[in-house]
Amino acid sequence: MGTDDCRGVVLVTVDSLRADVLDVMPNLRSLGDSGSRFERAFATGNWTPFSFPSLLGADPVFTTDGALGPSDRPTLAETLADAGIQTAGFNAANGFLTPHWGYDRGFDRFEAFTDGSGWLDAHPTVHGWLQFAGWPLRRARDRLAGDADAHAVDTSRLLAVEDRATDFLETVDGRFFLWIHLMDTHTPYVPAPRYLRAVTDGAIGPVGMLRAHVRTGLGRTVSGPTLDRLRALYDAAALQVDDALGRLLGTLEATGLREETAVVVAGDHGEEFAEHGHLAHYPKLYDELVRVPLVIDHPDGDAHEVATPVGLDAVPATIADALGVPADFDGRSALPTVVDGERPPADPVVSVALRGETVTQQPIPRTLDDGDLLVSARSARWTYVRNTADGSHELYDRRADPGEQTNIWTEARGEPAVGRLREAVDAHLDRIVTDTESEELPDEVAQRLETLGYR
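Just so it is clear, the structure is predicted and the values come from calculations on it, not from any experiment.

1. Description of the overall build of the protein chain
Part 1 of the reasoning: When its secondary structure is counted, the protein chain shows 15 helices and 17 strands.
Part 2 of the reasoning: Taking all 455 residues of the protein chain together, the buried fraction comes to 57%.
Part 3 of the reasoning: Within the protein chain, residue pairs in contact and separated by at least 24 positions form 72% of the contacts whose partners lie at least 6 positions apart.
Part 4 of the reasoning: Accessible surface, the protein chain: about 18000 Å² in total, of which carbon and sulfur atoms supply 47%.

Next up, the structure:
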């Protein structure tokens, strides 16, 4: 249903961004207040390689060839490029979003920043602390240069991505699509000190940050004050991302593109802080890992708070629709909701994960032969999870149990709404392709994945 007023779309995806982080992201919150904020948006997987095939590609992971990365059908960028739209993609060094996996397909300009080969590039936490040590001198230098707002660290490649995005927006001369992916809220959380001071009112400083990193790195029990510090670091990293979002919106204003540009912001999956016993994003399908922010601000749209569940597979269809480009994607466009306020269909949202013999098994399973497939389906009220290997079921009534702590499968399995969720899981399983095999990764991709904690 494309609109005449939309010249371009900017898609900002943020790694490991939980839905509840909006409280510390004023720019994102403001964008949601003026556009459409989807209160129940869910990723299609618990981590990047399971989520992004539905975000930039045409099909959910494992449903066409059993492999990671976009399916063989045209990606979002390919679809738009074929329609004459200029495309650019800049990924802040997530090793799963590289040309090796096919994520450069369709982009006129693409950079993944995964070519760092030095020891410090492979140890971002140490790199961050070394940058902190030199921060006072750089701070004085930046003030003399008139750049008092410079970051203390850029181990996440945020500034490099921002520079490329700014250059693209300042030089684009037609219809366009820009995608940027930011990594600050992925482990390790190393925000600039001013963001930590902002979210803790100065109660936690660099010493507290270092203590939390050291305890976690040594495998010590993480609870109480250490868990609070880690969450504060995460919130500070989210605020750092929010500042970058503010600068991006400022660039759109300065280039005269803001009134003609739709802006979409989403987390690719969430992050756990011991709600179910672990940190980061191990293979589970609870809300802290699959419920994410999704905000869409369109030139023709009014403010909407959307309570109906929606999956991130709606994003590529919505972007193509906004630009008036016919597309064949698995997800359904949310543009009628964004522009006209139509209520989206209340279809269950399906997500997947792979679990090894233990939740924390390394290497983390990436192919269907490596672990047990977990599939969940969600409605506005219920969460249903099935382990397809052992046939076990979990069911949570999020209205009564928002933390998804009490499995009520035995008591409530006969609910009609639960039957609909089971049917959605069955239908998704019918699409899964089980013929998979592991592959050898290029050295630079393998190194970057190890940097992020994936062996």
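Further notes follow.
2. What to know about the pattern of salt bridges
Part 1 of the reasoning: Per the stated rule, a full pass over the model turns up 25 salt bridges.
Part 2 of the reasoning: A salt bridge links Glu-305 to Arg-37, with the nearest nitrogen and oxygen atoms 2.7 Å apart. Here Glu-305, found in strand β12 (residues 304-306), pairs with Arg-37, found in strand β2 (residues 36-38); they are 268 residues apart in sequence, far enough to count as distant.
Part 3 of the reasoning: Bridged by salt links that share partners, the residues Arg-18, Asp-20, Arg-231, Asp-235 and Glu-275 form one connected network.

3. With respect to the nonpolar core
Part 1 of the reasoning: Among the nonpolar cores identified, the biggest contains 69 residues, and Val-9, Phe-38, Leu-80, Phe-177, Trp-179, Leu-294 and Ile-319 are the most heavily contacted of them.
Part 2 of the reasoning: The biggest single contributor to this core is helix α11 (residues 314-322), with six residues.
Part 3 of the reasoning: For Val-9, the residues in contact, after removing those within four places along its chain, are Phe-176, Phe-177, Leu-178, Thr-261, Ala-262, Val-264, Ile-319, Ala-322 and Leu-323.
Part 4 of the reasoning: Phe-176, Leu-182, Leu-233 and Val-241 belong to the second largest nonpolar core, which has 49 residues in total.

4. Topic: empty space enclosed by the protein
Part 1 of the reasoning: In the structure shown here, the tally under the stated rule is eight cavities of 30 Å³ or more.
Part 2 of the reasoning: Approximately 80 Å³ is the volume attributed to the second largest cavity.
Part 3 of the reasoning: Taken together, Val-12, Leu-158, Val-161, Glu-162, Ala-165, Ile-180, Leu-182, Ala-244, Leu-245 and Leu-248 make up the full set of residues lining the second largest cavity.
Part 4 of the reasoning: Residues belonging to the lining of the second largest cavity are distributed by class as follows: nine nonpolar, no polar and one charged.

5. Digging into the packing of aromatic side chains
Part 1 of the reasoning: Across all of its chains, the model carries 16 aromatic pairs by this definition.
Part 2 of the reasoning: Between Phe-107 and Phe-110 the ring centres are 5.8 Å apart and the planes differ by 35°, which places this aromatic pair in the tilted class. The burial state of Phe-107 is the same as that of Phe-110; both residues are buried.
Part 3 of the reasoning: An aromatic cluster of three or more residues is present, and its members are Phe-52, Tyr-103, Phe-107, Phe-110, Phe-177 and Trp-179.

6. Points about the packing of helix α6 (residues 158-171) against helix α9 (residues 224-254)
Part 1 of the reasoning: The contact between α6 and α9 brings their axes to 10 Å, and the two run at 15°. As the angle between them shows, α6 and α9 are arranged roughly parallel. Handedness of the crossing formed by α6 with α9: right-handed. Residues Leu-158, Leu-159, Glu-162, Thr-166 and Leu-169 of α6 lie in contact with α9, whose contacting residues are Gln-240, Val-241, Ala-244, Arg-247, Leu-248, Thr-251 and Leu-252.
Part 2 of the reasoning: A breakdown of the residues in the contact of α6 with α9 according to their chemical character gives seven nonpolar, three polar and two charged.

7. Side note on the confidence of the model for the protein chain
Part 1 of the reasoning: Confidence in the prediction for the protein chain averages 86 pLDDT; 81% of positions are at 70 or higher.
Part 2 of the reasoning: For residues 117-127, every residue scores under 50 in pLDDT, and the model assigns this stretch 18 contacts once sequence neighbours within four places are set aside.

8. Some points on the pairing of strand β4 (residues 86-91)
Part 1 of the reasoning: With five of six residues buried, β4 lies mostly within the body of the structure.
Part 2 of the reasoning: Judged from the six bridges that link them, β4 and strand β6 (residues 176-182) form a sheet pairing that is parallel. Of the residues in β6, the one forming a bridge with Thr-87 is Phe-177.
Part 3 of the reasoning: As paired strands, β4 and strand β5 (residues 109-111) are joined by three bridges and run parallel to one another. Residue Gly-89 lies in a different strand from β5, and its bridge partner there is Phe-110.

9. Topic: the side chain of Thr-367
Part 1 of the reasoning: Position of Thr-367 relative to the elements: it lies in the loop between β14 (349-355) and β15 (372-378).
Part 2 of the reasoning: A relative accessible area of 11% places Thr-367 in the buried class.
Part 3 of the reasoning: Here Asp-370 takes part through its side chain, which lies 2.8 Å from a polar atom of the side chain of Thr-367.

10. Brief notes about the sheet that holds strand β11 (residues 294-297)
Two strands in a sheet stick together by hydrogen bonds in their backbones, pointing the same way (parallel) or opposite ways (antiparallel).
Part 1 of the reasoning: The strand order across the open sheet formed by eight strands is β5-β4-β6-β1-β7-β11-β2-β12, and the pairing between neighbours is mixed. In this open sheet, the two edge strands, each paired with only one partner strand, are β5 and β12. The mean angle between the axes of side-by-side strands here comes to 10°, regardless of whether they run parallel or antiparallel.
Part 2 of the reasoning: The strands that α9 touches are β1 (8-14), β6 and β7 (261-267); relative to β1, the one it contacts most, it runs at about 170°.

11. Considerations on helix α14 (residues 416-429)
Part 1 of the reasoning: In a regular helix each residue adds 1.5 Å, so 14 residues correspond to 20 Å; α14 covers 20 Å between its end C-alpha atoms and thus fits that length.
Part 2 of the reasoning: Listed as buried for α14 are Val-418, Leu-421, Ala-424, Val-425 and His-428. Buried positions in α14, seen along its axis, are confined to an arc of 110° and lie on one side of it. Facing away from the buried side of α14 by more than 90 degrees, the exposed set consists of Pro-416 and Glu-423.
Part 3 of the reasoning: Close packing links the buried residues of α14 with β14, β15, β16 (382-387), β17 (393-397) and α13 (409-412).

What counts as what
Residues numbered from 1 in each chain as written. Predicted model: local features only at pLDDT ≥ 70, side-chain atom pairs only at ≥ 80, totals over all residues. Heavy atoms only, no water. Helix = DSSP H or I, 4+ residues; strand = E, 2+ residues; numbered from the N terminus. Buried < 20%, exposed > 50% of the residue type's maximum accessible area, 1.4 Å probe, protein only. Contact = heavy atoms within 4.5 Å. Areas by Shrake-Rupley, 256 points an atom, 1.4 Å probe, with all protein chains shown as cover. Salt bridge = Lys/Arg side-chain N within 4 Å of Asp/Glu carboxyl O. Core = buried A, V, L, I, M, F, W, Y, C linked by side-chain atoms within 4.5 Å. 1 Å grid on protein atoms, 1.4 Å probe; cavity = no way out; pocket = protein on both sides within 12 Å on 5 of 7 lines; lining within 4 Å. Points joined across faces, edges and corners; volume = space filled by probe spheres on them. Nonpolar A, V, L, I, M, F, W, Y, C, P; charged D, E, K, R; others polar. Phe/Tyr/Trp six-rings, centres within 6.5 Å; stacked < 30°, edge-to-face > 60°. Axes fitted to C-alpha atoms, helices over the stretch in contact; angles between N-to-C directions. Parallel < 35°, antiparallel > 145°, perpendicular 65-115°, else oblique. Left-handed = near helix turned anticlockwise from the far one by under 90°. pLDDT = per-residue confidence, 0-100. Pairing = 2+ DSSP bridges. Polar contact = N/O pair within 3.5 Å; in protein donor to acceptor, adjacent residues only side chain to side chain. Expected span 1.5 Å × (residues − 1). Arc of directions from axis to C-beta.

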